[in-house]
Amino acid sequence: MSYTSKNPKLKVFKNKSLLHLSQFSEDEIVSLFEEAKRLQEYSKSHPDGDFADILGSIKKGVVALLFFENSTRTRMSFESAVHNLALKPLLLDAHSGSSLHKGETPEDTILNIASMDPKAVVIRCGDRLDLDSISQKIKMPIINAGWGAKGHPTQALLDLFTLWRERPLKGTRLMIVGDILHSRVASSHFEIFERLGVEIAGCGPQVFKPVQEPIVEGTKTRATSELKWFNDLNEGLNWCDVVIALRVQTERHSAHVNFFSEDFRSQYGINLEKMKLLKPDGLLLHPGPVNWGIELDREILSDPRVRILQQVNNGLYLRMALLKSILEC
Ligand code: CP
């Protein structure tokens, strides 16, 4: 009997796109975490990197990785996941030598690559692309690998998986610090964390507080006024069990955002002094890439409660579990 057949909730992912986390129930998300944990533990005990024993019956073939925006962690971990699952990556880095430079649109690019019959398509893109509509036009599953400010579901899943590996989720107080307004990662956090019992607060200057009513269209509506908010980092650090610091995303700031990195650093930057306010069993996460010296000081890396590189490791196994479940025969 294959592992997936012992874990029937995973079947919900089979042949499905992952565009929004609202698609899946809490139990289904946890089943994905259990699969990711199993793959991670198997990897530790099999340093040869051969997962053949536990792959079960997954499709063979190519997975297209289409990156219209920059990425290091997400792209490389999907690429590693594809290799570990004995699939083949078909990588498009839109910045280097693609026909986008001849004026082809991202949608046309996706439709053309989908015609090459990959088993799944992993896409990172800007807000203007309509992945919901594209998913109706192609026959294989699409995985959202970071979609403008709309969402980054696999990052939110790996962040939650990182907490799930270490502590009960129910009752955990999470504070997200920084540029929530422009963060696709935070958009996806709001879709899933509270459903699994995590209490969320935001912290930062008012200019980074979400101002629209629903943060993500078509998903769980969250009025800004409902979001617990700390203007004072020290108060927030006293309240929370877990901090997720976010990258200040200057590339997404419009002209009305007055952001001064030195002001942000002095009021909301986390250094070893601030870490003293975090609970002894607290955790600090950051999805990366980090603007060292703005949202975090590099010296905090010596603190044993920091999980930034562990998140990256967890992300590989979470993405393997996701691809494996989607491509189950
Ligand atoms: N966290 C994250 O999405 O990083 P990359 O942009 O490097 O993929």
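Figured I'd write up the structure that's included with this text. It should be emphasised that the depicted structure is a prediction, and the values quoted were computed from it without experimental measurement. (Residues numbered from 1 in each chain as written. Predicted model: local features only at pLDDT ≥ 70, side-chain atom pairs only at ≥ 80, totals over all residues. Heavy atoms only, no water.)

Let's shift gears to the sheet that holds strand β3 (residues 120–125). Strand pairing in a sheet takes place through backbone hydrogen bonds and is either antiparallel or parallel in direction. If you trace the four strands from one edge of the open sheet to the other, you get β2-β1-β3-β4, paired in parallel fashion. Among the strands making up the open sheet, the edge pair consists of β2 (88–93) and β4 (142–147). Sheet twist, expressed as the average angle between the axes of neighbouring strands with direction ignored, equals 15°. Relative to β4, β3 runs parallel, the two sharing four bridges. Within the sheet, the bridge partner assigned to Val121 lies in β4 and is Ile142. (Pairing = 2+ DSSP bridges. Helix = DSSP H or I, 4+ residues; strand = E, 2+ residues; numbered from the N terminus. Axes fitted to C-alpha atoms, helices over the stretch in contact; angles between N-to-C directions.)

Turning our eyes to something else, we now look at the packing of helix α3 (residues 73–84) against helix α11 (residues 308–326). Running from N to C, α3 and α11 point in directions that differ by 50°, and their axes come no closer than 9 Å. With respect to their mutual orientation, α3 and α11 come out oblique. As α3 runs across α11, the sense of the crossing is right-handed. Within the contact between the two elements, α3 uses Arg73, Thr74, Ser77, Phe78, Ser80, Ala81, Val82 and Asn84 and α11 uses Val312, Gly315, Leu316, Arg319, Met320 and Leu323. The class makeup of the residues in the contact of α3 with α11 is seven nonpolar, five polar and two charged. (Parallel < 35°, antiparallel > 145°, perpendicular 65-115°, else oblique. Left-handed = near helix turned anticlockwise from the far one by under 90°. Contact = heavy atoms within 4.5 Å. Nonpolar A, V, L, I, M, F, W, Y, C, P; charged D, E, K, R; others polar.)

The first and last C-alpha atoms of α11 sit 27 Å apart over 19 residues, in line with the 27 Å expected at 1.5 Å per residue. Of all 19 residues making up α11, 15 are buried, and the element is well covered by its neighbours. (Expected span 1.5 Å × (residues − 1). Buried < 20%, exposed > 50% of the residue type's maximum accessible area, 1.4 Å probe, protein only.)

What follows covers the sheet that holds strand β5 (residues 173–177). Spatially, the five strands line up as an open sheet ordered β7-β6-β5-β8-β9, and their pairing is parallel. The two strands at the open ends of the sheet, each matched to only one other strand, are β7 (228–230) and β9 (283–285). Recorded for the sheet is a direction-independent mean angle of 25° between the axes of neighbouring strands. Bridging between β5 and strand β8 (residues 242–245) involves four bridges; their strand directions are parallel. Along β8, the bridge assignment pairs Val177 with Ala245.

In the vicinity of the ligand, the residues found are Ser71, Thr72, Arg73, Thr74, Arg124, His152, Gln155, Pro287 and Gly288. The contact in question runs from an oxygen atom of the ligand to an N or O atom on the side chain of Thr74, over 2.6 Å. Between an oxygen atom of the ligand and a side-chain N or O atom of Arg124, the distance comes to 2.8 Å. Taking 250 Å² as the accessible area of the ligand by itself, protein coverage stands at 92%. (Near = heavy atom within 4 Å. Polar contact = N/O pair within 3.5 Å; in protein donor to acceptor, adjacent residues only side chain to side chain. Areas by Shrake-Rupley, 256 points an atom, 1.4 Å probe, with all protein chains shown as cover.)

All we've got here are geometric facts, nothing functional implied.
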